[in-house]
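Summary of structural features
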Amino acid sequence: MRELRDSKGLHPRDFTKRQRLLVVFVIGLALVVLFYTIVYNWGMRVFENRPQSVFRSFQTVVETMTTTGYGADSPWETPVMNVLMVTIQLTGVIIGFVTLRVLVIPLFERTPLNLDDRLTTKNDHVVIAEYQRDTDMLLDELDIDYVLIESNEEEAKRLSDDGYQAINGDPEDRADLDRATIERAALLITDAGDKTANVVLTALEANGDLRVISFTESTRRQKALAEVGVDRSVAPHALIGQRLAEKATTPVTIDEQSDNDKVDIREILVRRDSPLHGVQVRDSPIANHPDLTLIAGWLNGKLHLPPSPNDKLTPNTVLVVAGPTSEIDEITNEVAGVRSRRIETPSKIVVAGFGEGGTAAVEALPTGVSVTTVDESEGRSPDVIGDVTEPETLRKASIDDTSALVVTVDGDSTALLTIAIARSMSSEIEILARVTDGEKTKAAFRAGADYVLSIQQVSARLVATEVHGERVIDPTSQIRLVRADAAPFVGKSLADARLTDEHGWTLIGVSRGDTVCTDERTTIGVDDEVIVAGSDDGIQKFERTVGTS
């Protein structure tokens, strides 16, 4: 596949058709004036026998073309000069009409004559066909050339007026795909529903090297879409359902000696009323605590292990912290708007909404976790049939005895009400929810959710990261704790030995006899052992490169 390139610096290809027309007009006008100035200056010297400076000639030409007067040069005695002056006058009138049509009139028109005129020259770009979610959010995520084909004329005009590279057209029509220069595109992203197969086949006729990504409402269509040429199909509802289930069951394992270590692993949930909103990780009291280690963080739905010091804490942030139980309890009490839960595999989970997302969530749950599904549709065969917005339905699902509630119901209004009712029934249950509209994320937190993912936001990030060839929403890696020989770190302080970049593992403490030291000022000794936390891949990398006892 051709490499996707992001143009840098000013280049003619960055101009729209309208801008290129304006540049040509200005250059042409300058050349005409220059030509007439030279000819007029020569004519005054040869035919009128009145030599003058070129600047005086320039002034007279401009005055004549703009019909503002002729200065002291008139009248002219020779026929040649009179014909020249008439020619200049007519040229000025013609240029005036062109200026009116090209520059003045469009400035007062409410919509452009042709949205294609606003497109810059494209090459190795992305063509987006019928994006059915939050288009503004998607286009704001992209930092590469693109063309959006929108079938709704008013929406296409709105997007174009807002500065987006959008045109009105039907992506099933080859002519409209050609307007988006599909033959020079590197990637097609389609969200056209039942039209997807036709859009893909039509696009591939024009460009057989095109890479295709398609959004679909159901995973059942993925095989069929692959047959027509889709390289990757994504079902956002199922993907988010899976993601919520993985988040709800993130476990931590530690060896048998953990009871004596007195090291606790907790999730610190940044609540909606926390003063930590907008604070960078490096400036948070949790990261700066000498006895606590920040192992990982869930930031905007992605696991960072460890989080970057530059990451900002938002209501969608969950921090995984290791340290003495008393220290974690103390900082949780000191910092308003956060609460902690012990990291362990939940014994029971309720999934509210047993559609595409709920089914994916259940399939993603690990063996041994008890799950109860709730849905008002009997045809989906849930464990509990009923309205999830009714407290009695949630009681039938034993919500009082549940570790986590995964909300994947249809409709944001239903989701918000379900969250509020569940929170009113239990202050301890962890609520993880899916909403459609990205603007409803804050409302979900206000209703009582601990963790929220928006279909619009996740879909936009799927597109943006696919454009750059990155994996999107990596599967959750199990967070593990292992003991290791301290030899590679002897003589270093715990703070110096901790990794600040994303290697997938970090030191959380030093095991010395029957105690575990988590103070970052602790110097690692020869007889010590270190406790390492990380993902499965991170721990495997640690064992290969550093080794364990």
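Residues numbered from 1 in each chain as written. Predicted model: local features only at pLDDT ≥ 70, side-chain atom pairs only at ≥ 80, totals over all residues. Heavy atoms only, no water.

The full count for this structure, using the stated rule, is 16 salt bridges. One salt bridge connects Arg-395 with Glu-392, and the closest N-O pair in it is separated by 3.7 Å. Pair noted here: Arg-395 and Glu-392 are both in helix α13 (residues 391–396), with a separation of 3 residues, about one helical turn. Through salt bridges with shared partners, a single network forms among Asp-375, Arg-380, Asp-410 and Arg-434. (Salt bridge = Lys/Arg side-chain N within 4 Å of Asp/Glu carboxyl O. Helix = DSSP H or I, 4+ residues; strand = E, 2+ residues; numbered from the N terminus.)

Across the sheet, which stays open at both edges, the 6 strands sit in the order β15-β14-β13-β16-β17-β18 with parallel pairing between neighbours. The open sheet terminates on both sides in strands that have one partner only, identified here as β15 (384–385) and β18 (451–454). In this structure, strand β13 (residues 348–352) lies alongside strand β16 (residues 404–407), joined through 4 bridges in parallel fashion. Across the sheet, Val-350 pairs through a bridge with Leu-405, a residue of β16. (Pairing = 2+ DSSP bridges.)

This part covers the confidence of the model for the chain. Residues at a pLDDT of 70 or more form 81% of the chain, whose mean pLDDT is 79. Of the regions scoring below 50 in pLDDT, residues 1–9 engages in 24 contacts with residues more than four places distant in sequence or in other chains. Note on residues 252–261: pLDDT under 50 across the span, and 17 contacts to partners over four residues away in sequence or across chains. (pLDDT = per-residue confidence, 0-100. Contact = heavy atoms within 4.5 Å.)

A few words now on the pairing of strand β17 (residues 430–435). Buried residues dominate β17, accounting for 6 of its 6 residues. Residues Glu-430, Leu-432 and Arg-434 of β17 are buried on one face, and the alternating residues Ile-431, Ala-433 and Val-435, pointing to the opposite face, are buried as well. Bridge analysis of β16 against β17 gives 4 bridges, and the strand direction is parallel. Counterpart to Ala-404 in the pairing with β17 is Glu-430. Handedness of the crossover joining β16 and β17 through helix α14 (residues 412–425): right-handed. Sheet topology places β17 next to β18; 4 bridges connect them, and they run parallel. Its bridge partner lying in β18, Ala-433 is registered against Val-452. (Buried < 20%, exposed > 50% of the residue type's maximum accessible area, 1.4 Å probe, protein only. Right-handed = clockwise from strand over helix to strand, strands pointing away.)

This part covers the packing of aromatic side chains. How two aromatic rings sit relative to each other is set out by the distance from centre to centre and by the angle between their planes. All told, the structure shown has 2 aromatic pairs when counted by the stated rule. When the centroid spacing of 5.7 Å and the interplanar angle of 50 degrees are considered together, the rings of Phe-35 and Tyr-36 count as tilted. Measuring from centroid to centroid gives 5.4 Å for Trp-42 and Phe-47, while their planes differ by 90 degrees, and the two rings are edge-to-face. On the basis of relative accessibility, which here comes to 33%, the residue Phe-47 falls in the partly exposed class. (Phe/Tyr/Trp six-rings, centres within 6.5 Å; stacked < 30°, edge-to-face > 60°.)

In terms of burial, strand β11 (residues 318–324) is largely enclosed, as 6 of its 7 residues are buried. Across 5 bridges, the pairing between strand β9 (residues 293–299) and β11 is antiparallel. Residue pairing across strands places Thr-293 opposite Ala-322, the latter belonging to β11.

Once that is clear, we can look at the sheet that holds strand β4 (residues 187–190). If you walk across this open sheet you meet the 6 strands as β3-β2-β1-β4-β5-β6, and the pairing is parallel. Looking along the sheet, the strands with just one partner apiece sit at the ends: β3 (166–168) and β6 (232–234). Strand-to-strand, the axes of this sheet are offset by a mean angle of 20 degrees, without reference to chain direction. Relative to strand β2 (residues 146–150), strand β1 (residues 126–129) runs parallel, the two sharing 4 bridges. Of the residues in β2, the one forming a bridge with Val-126 is Tyr-146. (Axes fitted to C-alpha atoms, helices over the stretch in contact; angles between N-to-C directions.)

Okay, the nonpolar core next. By size, the foremost hydrophobic cluster in this structure holds 50 residues, and its most contacted members are Ile-128, Tyr-131, Ile-295, Ile-349, Val-406 and Ile-508. Core analysis: the next-biggest nonpolar cluster, separate from the first, contains 27 residues, Leu-405, Ala-415, Ile-419 and Val-435 among them. (Core = buried A, V, L, I, M, F, W, Y, C linked by side-chain atoms within 4.5 Å.)

This part is about the side chain of Thr-202. Secondary-structure assignment places Thr-202 in helix α7 (residues 196–206). Residue classification places Thr-202 among the buried positions, given a relative accessible area of 9%.

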